[in-house]
Amino acid sequence: MKLTKFTHACVRLEKEGRVLVLDPGIFSETEQALAGASAVLITHEHADHIDVDAVSGALLANQDLQLFAPDGVAAQLRGKAPGAAERIHTVAAGETFEAAGFVIRSFGGQHALIHPQIPVVANVGYLVDSNVYHPGDSFAIPDGIEVQTLLVPIHAPWNKVGEVVDFVIGVRAPRAFPIHDALLNETGRGLVEGHVTWIGAKYGTEYRHLASGESVDV
């Protein structure tokens, strides 16, 4: 499949004329990412992972578009776009379903802790076609399956470099690419990616930087 990275956490997957989009948030080029999409997967409710206005607009404009998200996100979108309610599906961890011709498995269940005074929300990671894993805001490692392509949240208010590296080591996918990087400048990006690259390689993971708008076959 073809994988295209957009700014921050948004990724577009294309296969045999079908398009699946994950986490089109407010930092991302949502209109471009959602163009021609057949299905959208949302990991959790935070605005950097879902641009509610853009996504609800896309649901109303495209009568074939399906959306899958945790319960709170699904409920919000049904209220925002009632005409698309039957195409908005609730997902929890531990499920297997099909979206736009892709086979999806869901993992995790909750967002990583930011601070004890900040509520923890639902977060679902998605494994697409037993290949690409998007964890959302979580370091939950899929159990019972070998991930081929790992999307790595390299920077966030809820993580530190050591945890990023341990996530890569724990999953041990043959290849990995960055997500969740919009808050980094080039200096910080180089530092984090440097650690991920050399330590990941010791455990069999080839990490490669992708710029926003760049595509790769996986």
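The following refers to the structure shown.

Here is what the cut-offs are and how they apply
- Residue indices follow the written sequence of each chain, beginning from 1 at its first position.
- This being a predicted model, a pLDDT of at least 70 is required before a residue's local features are given, and a value of 80 or more before pairs of side-chain atoms are given or counted; all residues contribute to the totals for chains, interfaces and linings.
- Only hydrogens and water are set aside when side-chain values are computed; all heavy atoms of the structure are taken into account.
- A run of H or I in DSSP becomes a helix once it reaches four residues, and a run of E becomes a strand once it reaches two; helices and strands are each numbered from the N terminus.
- Expected span of a helix, by definition, is 1.5 Å for each gap between consecutive residues, and there is one gap fewer than residues.
- Whether a residue is buried, partly exposed or exposed follows from its accessible area with a 1.4 Å probe, protein chains only, as a fraction of its type maximum: under 20%, in between, or over 50%, in that order.
- Working note: the arc is built from the helix axis to C-beta atom directions.
- Contacts were defined at the residue level, with two residues in contact if any of their heavy atoms lie within 4.5 Å.
- Between N or O atoms, a polar contact is any pair within 3.5 Å; within protein, one atom must be a potential hydrogen donor and the other a potential acceptor, and residues adjacent in sequence are included only when both atoms are from side chains.
- Whether two aromatic rings pair depends on their centres lying within 6.5 Å, for rings of Phe, Tyr and Trp, where Trp uses its six-membered ring; planes under 30 degrees apart make the pair stacked, over 60 edge-to-face, and the rest tilted.
- For a Lys NZ or an Arg CZ to count as sitting over a ring, it must be within 6 Å of the ring centre and within 35 degrees of the ring normal.
- A pair of strands is considered paired only if DSSP assigns at least 2 bridges between the two.
- Every angle, taken between N-to-C directions, lies between 0 and 180 degrees, and every axis is a line fitted to C-alpha atoms, over only the stretch in contact when it is a helix.
- Among buried residues, those of type Ala, Val, Leu, Ile, Met, Phe, Trp, Tyr and Cys that are joined through side-chain atoms within 4.5 Å constitute a nonpolar core.

Some details on helix α5 (residues 186-202)
With 17 residues, α5 ought to run about 24 Å at 1.5 Å a step, and its terminal C-alpha atoms sit 24 Å apart, in line with that. Among the residues of α5, Gly188, Arg189, Val192, Glu193, Val196, Ile199 and Gly200 are the ones counted as buried. The buried residues of α5 all sit within an arc of 150 degrees when viewed along its axis, so they share a single face. Exposed residues lying more than 90 degrees from the buried face of α5 are Glu186, Thr187 and Lys202. Residues of α5 that are buried make contact with α4 (161-171), β12 (175-179) and β13 (206-207). With a side-chain oxygen lying 3.2 Å from the backbone nitrogen of Thr187, the N-terminal cap of α5 falls on Asn185. Just downstream of α5 lies Gly204, where phi reads positive at about 90 degrees.

Considerations on the packing of aromatic side chains
Across all of its chains, the model carries 4 aromatic pairs by this definition. Pairing Phe107 with Tyr133 gives two aromatic rings, centres 6.2 Å apart and planes at 90 degrees, and the pair type is edge-to-face. Taken together, the residues Phe107 in strand β8 (residues 102-110) and Tyr133 in strand β10 (residues 132-134) connect sequence positions 26 residues apart. You can call Phe107 buried: its relative accessible area is 7%. Three or more aromatic residues link up through ring pairs in this structure, and these residues are Phe139, Trp158 and Phe167. The ring centre of Phe102 lies 4.7 Å from the NZ or CZ of Lys15, which sits over that ring.

Comments concerning the sheet that holds strand β2 (residues 11-15)
Picture the strands of a sheet paired through backbone hydrogen bonds; they go either parallel or antiparallel. Ordered in space as β6-β5-β4-β3-β2-β1-β14, the 7 strands form an open sheet in which the pairing is mixed. Here the strands that pair on one side only, and so sit at the sheet edges, are β6 (88-90) and β14 (215-217). With strand direction ignored, the average angle separating the axes of adjacent strands in the sheet is 20 degrees. As paired elements, strand β4 (residues 39-41) and strand β5 (residues 66-69) share 3 bridges and run parallel to each other. By the bridge assignment for β5, Ala39 is matched with Gln66. Of the strands in this sheet, β5 and β6 are in contact with helix α3 (residues 71-80), which crosses β6 at around 155 degrees.

What about the nonpolar core?
Residues Leu3, Leu13, Leu20, Leu41, Ile104 and Val128 are the most contacted members of the largest nonpolar core, which totals 25 residues. Counting only elements with at least two residues in this core, the list comes to β2, β3 (18-22), β4, β7 (96-99), β8, β9 (122-128) and β12. For this core, the element with the most residues is β9, which contributes 3 residues. Dropping the residues within four chain positions of it, Leu41 is found in contact with Leu20, Val21, Leu22, Asp23, Phe68, Phe97, Ala99, Ile104, Tyr126 and Val128. In terms of nonpolar packing, the next biggest core, distinct from the first, is built from 23 residues, Phe6, Leu34, Ala58 and Ala69 among them.

Structural measurements only, silent on function.
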